[in-house]
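In case you want the letters, here they are:
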Amino acid sequence: GKAPVLLSQLRKDAIRQSILDHTLATTPTTPNENEQQADTIAQDAFQIWTNARHAAIPSHFAHSVLPSLHTLRTTLSSTKPNHNHPVLIGAITDGNSDPRLVPALTEFFDFCVNAEGVGVGKPNRKIYEAAIGQVVARGELRDLFGDLDLSKEGSVDVVYDRIGPWWVHVGDDFIKDIVAAKDMGMRSIWCRELIQVGGEEEEKKRVGS
């Protein structure tokens, strides 16, 4: 599958190169000193950007996202007899954000899998398998998945057969989210709210112009 663009590294490299270009033109230091200073500043600058990005996420929440997450976390439980499984919530993303780093979302998310960490992006099966691995590894779900080892041939297929009744994938991209989730045996919900809002706004602009 196609590897994801490593945007985090690209941004760090761009900051680093800008610092090096500026330093070479203004400061008579050795190349080694320049590179060390550029690395430090690039890391610090990227962390500031990352913090600001996560701080801005709440202003872009979809409608009712927090009440919905609260309902999932607190009121839903397994309907299977003799089972009392927790409702786990995770994120599978092609980006590099992590909902667990957003204070308003921290309490709701149990795991986050991103394309940069896995090495491939959606709809590649490997990023979904990484998410499955996060869930299978949890002791409280051992009676659902047993001691399956996803590194062993055939184990993943066994997990797929057991995913259907338990896993619901919510996404806004029909191919990367909905089709990919169906291929993994997951149930899915196509969330088109943000897409529809964007389309309606564009239509209003077009009509009003």
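No experiment lies behind these values; they were computed from the predicted model shown.

## Overview of the overall build of the chain
Looking only at helices and strands, the chain has nine helices and four strands in total. In the chain, the succession of helices and strands from N to C terminus is α-α-α-β-β-α-α-α-α-β-α-β-α. Expressed as a percentage of contacts within the chain between residues at least 6 apart in sequence, the contacts between residues at least 24 apart total 46%. Per element, the accessible surface of the chain, about 13200 Å² overall, is 54% carbon and sulfur.

## Some details on the packing of aromatic side chains
Counted according to the given criterion, the structure contains two aromatic pairs. Ring centres 4.9 Å apart and planes at 50° place the aromatic pair Phe174 and Trp190 in the tilted group. In this pair, Phe174 sits in helix 8 (residues 174-183) while Trp190 sits in strand 4 (residues 187-190), placing the two residues 16 residues apart along the sequence. A relative accessible area of 40% means that Phe174 is categorised as partly exposed. If you follow Arg192 out to its NZ or CZ, it ends over the ring of Trp190, 4.8 Å from the centre.

## Focus on a nonpolar patch on the surface
Together, Val168, Val170 and Ile189 make up a nonpolar patch on the protein surface, roughly 250 Å² of accessible area in all. Within the secondary structure, Ile189 sits in strand 4. Given the relative accessible area of 45%, Ile189 is considered partly exposed.

## Overview of the environment of Ile163
Positionally, Ile163 belongs in helix 7 (residues 155-163). Along the backbone, Ile163 and Gly185 are 22 residues apart, and their C-alpha atoms lie at a distance of 6.2 Å.

## Quick notes on unusual backbone geometry
Of the consecutive residues Lys122 and Pro123, the connecting peptide bond is found in the cis state with omega at 10°. Mapped onto the secondary structure, Pro123 falls in the loop between helix 4 (115-118) and helix 5 (125-136). Notably, Ser64 is not glycine yet its phi reads approximately 65°, a positive angle. Position of Ser64 among the secondary structure elements: in the loop between helix 2 (31-56) and helix 3 (65-74).

## With respect to helix 8
Inspection of helix 8 places Asp177, Ile178, Ala180 and Ala181 among the buried residues, and these make up the whole buried set. Elements in contact with the buried residues of helix 8: helix 5, strand 3 (168-171) and strand 4.

## A look at the pattern of salt bridges
For side chains bearing opposite charge, pairing can occur when the charged atoms are close. Per the stated rule, a full pass over the model turns up five salt bridges. A salt bridge links Asp110 to Arg73; its shortest N-O distance comes to 3.1 Å. A residue pair is termed long-range when its members are at least 10 positions apart, and Asp110 in the loop between strand 1 (90-93) and strand 2 (111-114) and Arg73 in helix 3 qualify at 37 residues. Its relative accessible area of 25% is what places Arg73 among the partly exposed residues.

## Remarks on the confidence of the model for the chain
Of the residues in the chain, 74% reach a pLDDT of 70 or more, and the chain-wide mean stands at 81. Predicted confidence in the chain is weakest over helix 9 (residues 193-208), with a mean pLDDT of 54, and strongest over strand 1, with 95.

## Things to note about the environment of Asp98
Looking at the element boundaries, Asp98 is found in the loop between strand 1 and strand 2. On the basis of relative accessible area, Asp98 is assigned to the buried category, the value being 15%. In this structure the C-alpha to C-alpha distance between Asp98 and Val113, which are 15 residues apart in sequence, comes to 8.4 Å. Each residue touching Asp98, except ones within four places of it in the same chain, is listed here: His54 and Cys112. A distance of 2.7 Å separates the side chain of Asp98 from the side chain of Arg100, its partner in a polar contact.

## Considerations on the nonpolar core
Tyr128, Ile132, Trp167 and Met186 are the most contacted members of the largest nonpolar core, which has 19 residues in total. Among the secondary structure elements, those contributing two or more residues to this core are strand 2, helix 5, helix 7 and helix 8. Sorting elements by how many residues they give to this core places helix 5 first, with six residues. Leu69, Ala91, Leu105 and Phe109 belong to the second-largest nonpolar core, a separate cluster that totals eight residues.

Rules used in this analysis
Residues numbered from 1 in each chain as written. Predicted model: local features only at pLDDT ≥ 70, side-chain atom pairs only at ≥ 80, totals over all residues. Heavy atoms only, no water. Helix = DSSP H or I, 4+ residues; strand = E, 2+ residues; numbered from the N terminus. Contact = heavy atoms within 4.5 Å. Areas by Shrake-Rupley, 256 points an atom, 1.4 Å probe, with all protein chains shown as cover. Phe/Tyr/Trp six-rings, centres within 6.5 Å; stacked < 30°, edge-to-face > 60°. Buried < 20%, exposed > 50% of the residue type's maximum accessible area, 1.4 Å probe, protein only. Lys NZ or Arg CZ within 6 Å of the ring centre and 35° of its normal. Patch = residues over 30% accessible without salt bridge, like charges linked within 9 Å, V, L, I, M, F, W, Y side chains within 5 Å. Salt bridge = Lys/Arg side-chain N within 4 Å of Asp/Glu carboxyl O. pLDDT = per-residue confidence, 0-100. Polar contact = N/O pair within 3.5 Å; in protein donor to acceptor, adjacent residues only side chain to side chain. Core = buried A, V, L, I, M, F, W, Y, C linked by side-chain atoms within 4.5 Å.

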